[in-house]
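# Coordinates in review
This is what each chain is made of:
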2 protein chains.
Amino acid sequence: MKVISWNVNGIRSVFKKGFMRWLNTQDADVICLQETRAQRDQIRSELARIADKGWFVHLVAAEKKGYSGVAMLSRKDPDSIWTSLDSDELDREGRLQVARFGDLTIANGYFPNGSGKNRDHSRIPYKFRFYEALFDKLEPQRASGERVLVVGDYNTAPTEIDLARPKSNRKTSGFTHAECDHLNAILNKGWTDVFRAQHPNETGHYSWWSNRPGVREKNVGWRIDLTLASSGLLPDVQSGFILPNVMGSDHCPIGVTIDAS
Amino acid sequence: MKVISWNVNGIRSVFKKGFMRWLNTQDADVICLQETRAQRDQIRSELARIADKGWFVHLVAAEKKGYSGVAMLSRKDPDSIWTSLDSDELDREGRLQVARFGDLTIANGYFPNGSGKNRDHSRIPYKFRFYEALFDKLEPQRASGERVLVVGDYNTAPTEIDLARPKSNRKTSGFTHAECDHLNAILNKGWTDVFRAQHPNETGHYSWWSNRPGVREKNVGWRIDLTLASSGLLPDVQSGFILPNVMGSDHCPIGVTIDAS
DNA sequence: CTTTTCATG
DNA sequence: CATGCAAAG
């Protein structure tokens, strides 16, 4: 079973750049998209084209137009989906959907960017509240050994080898000590960053690049899109992968293959 | 002597579409531009390229970025220029410059659009105040027989033959009875719409087309860019013209040739 | 630099 | 539909 995650930075944008062509070559079972930046009424035709190819599509949109949003495409319709963290504040931005496929739970999260208005760090507290609310909510399932996968754009690079310029980015949101500590605390509670577990020391593997000219060509990137596997799922994980050559967004797709249950 | 007027809908936009190429083929003495939508610091290089070709350039910008603004290009530097209607309200939007070249006065006006926020008519009163302030200010010169030309985007079509769809636009700002009456009252005071005076009954001559697809191809337009000549200038007017094939804006250039004094 | 919205035309 | 801006990333 293959699960892909991709921050598309505007689903309408990637549609213009051949999203359907890419989608039609994928043998994934579930595709989680982040930063879709569209409400349902704005992408009726796009959703229809996806559905026409046999995908079930579940969309979650932010209240604010053109902002945030996630979508899950799956070959089978999930048995159930929930999207609320029981917080008006955290639920307003369309950042989460958690689907159940048999005994496998897949969470698709677009974790908040910590940068605020003046490029300050004012949104880091919100980001932390989002991390905590989601992983607290999943903790019972993880602790009881259930198979849970949490994919998405975490907006945090876990360690120095997960970005090309760690030294110069210690004050950049996404690699502050506070954010790294927060993410690593989650990992230490029993979640495994699948790609890193399989490539413990490899550098140069990123999932996001600034779209300033030349940056992606020089591979000056960050690995902030992750698949975290619960302790119970870990034995079934086959491989974590990154698809850095897929263009269309400032992020590339990442993913994981797991044994079917 | 040739004077051209053109609402360029963004001087930066027409620059990308070959404005300099067009300019270099013009034998005009004065070119009046409206809706330049730029402050001086935003178009330093564009202004330099114009000056390099031997034009004197005078710019008036709105306080609000990206909004309104006029510019006058001339082969000779004007003897004097004034830009204020002695009204904070009317002066804030960079809609006017009045230049003197010997005994000829040329006013370049970007008369306000009457449409307000909700596509209502809330800006019509402002538009009327602008018309009145300018023509009141020019009245002594006109009355004393001076040579005065007032060119620009009047945002009003004078009569039914000045737009392709008069019937369906009686409630559209730019062709309401109030606006037409206001403009015609000015004409009756001793200003001549040069193009119409020379082509009294000709239809199909327009200077603006909605940029919705096909509209310009079908010539469904409005003649809202005018050159008005004072009573004293009228005997020296040779011809009024429209250049509907010049592309780059939703307006085309218009103009007039007059005897040198 | 990019996507999307908004105000304005 | 198009320009230029702003917010956000």
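Data block above holds the structure.
Residues numbered from 1 in each chain as written. Chains lettered and ligands numbered in written order. Predicted model: local features only at pLDDT ≥ 70, side-chain atom pairs only at ≥ 80, totals over all residues. Heavy atoms only, no water.

### Quick notes on the nonpolar core
All names here are of chain B. Formed by 24 residues in total, the largest nonpolar core has its most connected members in F111, L134, F135, V150, Y154, W191 and L228. Broken down by secondary-structure element, the contributors of at least two residues to this core are β6 (96-101), α5 (124-143), β8 (147-153), α6 (177-188) and β12 (225-230). Here this core gets 9 residues from one element, more than from any other, and that element is α5. Apart from the residues within four sequence positions on either side, W191 is in contact with F135, L138, E139, R142, V148, V150, I186, L228, A229 and S230. (Core = buried A, V, L, I, M, F, W, Y, C linked by side-chain atoms within 4.5 Å. Buried < 20%, exposed > 50% of the residue type's maximum accessible area, 1.4 Å probe, protein only. Helix = DSSP H or I, 4+ residues; strand = E, 2+ residues; numbered from the N terminus. Contact = heavy atoms within 4.5 Å.)

### Looking at the sheet that holds strand β1 (residues 2-7) of chain A
Residues and elements named next belong to chain A. Pairing is mixed in the open sheet, where 6 strands are placed in the order β3-β4-β2-β1-β14-β13. This sheet does not close on itself; its edge strands, each paired only once, are β3 (56-60) and β13 (237-242). Averaged over all adjacent pairs, the angle separating strand axes in this sheet is 15°, with direction ignored. As paired strands, strand β2 (residues 30-34) and strand β4 (residues 70-74) are joined by 5 bridges and run antiparallel to one another. Note on β4: the bridge partner recorded for Q34 is V70. (Pairing = 2+ DSSP bridges. Axes fitted to C-alpha atoms, helices over the stretch in contact; angles between N-to-C directions.)

### Topic: the protein's contact with DNA strand C
Close to DNA strand C lie 21 residues, the nearest being K17(A), R37(A), Q42(A), N211(A) and Y67(B). Put simply, 89% of the atoms of DNA strand C that lie within 4 Å of the protein are in sugar or phosphate. The separation between a phosphate oxygen of DNA strand C and a polar side-chain atom of K64(B) is 3.2 Å. Between Y67(B) and DNA strand C, the recorded distance is 2.7 Å, taken from a side-chain N or O atom to a phosphate oxygen. Class assignment of the residues belonging to the surface near DNA strand C gives a composition of 3 nonpolar, 9 polar and 9 charged. (Near = heavy atom within 4 Å. Polar contact = N/O pair within 3.5 Å; in protein donor to acceptor, adjacent residues only side chain to side chain. Nonpolar A, V, L, I, M, F, W, Y, C, P; charged D, E, K, R; others polar.)

### Things to note about the side chain of Q26(B)
Residue and element names in this part refer to chain B. Counting through the fold element by element, Q26 comes out in the loop between α2 (19-23) and β2 (30-34). Reaching out from Q26, the side chain makes a polar contact with the backbone oxygen of W22 at a distance of 3.3 Å. Leaving out residues up to four positions away in the same chain, Q26 has contacts with I4 and I31.

### What to know about the protein's contact with DNA strand D
What surrounds DNA strand D is a group of 21 residues, the closest being Y67(A), R37(B), Q42(B), N211(B) and P213(B). For DNA strand D, the backbone makes up 88% of the atoms found within 4 Å of the protein, where backbone means sugar plus phosphate. The contact in question runs from a phosphate oxygen of DNA strand D to an N or O atom on the side chain of Y67(A), over 2.7 Å. A distance of 3.4 Å is found between a phosphate oxygen of DNA strand D and a side-chain nitrogen or oxygen belonging to K117(A). Partitioning the surface near DNA strand D into residue classes produces 3 nonpolar, 9 polar and 9 charged.

### Details of the sheet that holds β12(B)
All names here are of chain B. Pairing within the open sheet is mixed, and its 6 strands lie in the order β5-β6-β7-β8-β12-β9. Strands with a single pairing partner mark the edges of an open sheet, and in this sheet they are β5 (80-82) and β9 (191-193). With strand direction ignored, the average angle separating the axes of adjacent strands in the sheet is 20°. Note: strand β7 (residues 104-110) against β8, 7 bridges, orientation parallel. By the bridge assignment for β8, I106 is matched with L149. Contacting β5, β6, β7, β8, β9 and β12, α5 runs over the sheet at an angle of about 165° to β8.

### Points about the pattern of salt bridges
All names here are of chain A. If you walk through the whole model with that rule in mind, you get 30 salt bridges over all chains. The closest approach of N and O atoms between R123 and E93, which form a salt bridge, is 2.9 Å. Remark: E93 occurs in the loop between α4 (88-91) and β6 (96-101) and R123 occurs in the loop between β7 (104-110) and α5 (124-143); sequence separation between them is 30 residues. No difference in accessibility class separates R123 from E93, as the two residues are buried. Shared partners join several salt bridges into a network, and the residues in it are D162, D193, R196 and R223. (Salt bridge = Lys/Arg side-chain N within 4 Å of Asp/Glu carboxyl O.)

### Concerning the environment of Y131(A)
Residue and element names in this part refer to chain A. Relative to the assigned elements, Y131 resides in helix α5. Taking C-alpha positions, Y131 is 8.2 Å from L183, a pair spaced 52 residues apart along the chain. Among all residues touching Y131, those that are not within four sequence positions of it are F111, Y154, T156, H182 and I186.

### Things to note about the state of the cysteines
Evaluated as defined, the whole model comprises 0 disulfides over all chains. No disulfide involves C252(A); its nearest neighbouring cysteine sulfur is the one of C32(A), lying 15 Å away. (Disulfide = S-S within 2.5 Å.)

### Considerations on α6(B)
The end-to-end C-alpha distance of α6(B) is 16 Å, a good match for the 16 Å that 12 residues give at a rise of 1.5 Å each. Immediately downstream of α6(B), the backbone of G190(B) shows phi near 120°, a positive value. (Expected span 1.5 Å × (residues − 1).)

### Things to note about the packing of α5(B) against α6(B)
Residue and element names in this part refer to chain B. Two numbers describe how α5 lies on α6: the axes approach to 11 Å, and their chain directions differ by 0°. Relative to α6, the element α5 lies roughly parallel. Mapping the contact onto sequence places I124, K127, F128, Y131, E132 and F135 in α5 and A178, E179, H182 and I186 in α6. For the contact of α5 with α6, a count of residues per class yields 6 nonpolar, 1 polar and 3 charged. (Parallel < 35°, antiparallel > 145°, perpendicular 65-115°, else oblique.)

### Some remarks on the pairing of β6(A)
All names here are of chain A. Counted residue by residue, β6 has 5 buried out of 6 residues, so it is predominantly covered. Across 3 bridges, strand β5 (residues 80-82) lies against β6 in antiparallel orientation. Among the inter-strand pairings, W82 is bridged to a residue of β6, identified as V98. Two elements, β6 and β7, share 6 bridges in a ladder whose sense is antiparallel. Across the sheet, Q97 pairs through a bridge with N108, a residue of β7. Between β6 and β7, which pair antiparallel in sequence order, lie 2 residues; one of them, G102, sits at a positive phi of approximately 60°.

### Notes on the environment of I224(A)
Residues and elements named next belong to chain A. Along the polypeptide, I224 turns up in the loop between β11 (221-222) and β12 (225-230). Classification of I224 by relative accessible area gives buried; the value is 4%. Beyond its immediate stretch of four places on either side in the chain, I224 contacts G152, D153, Y154, N155, T156, A157, S207, W208 and H251.

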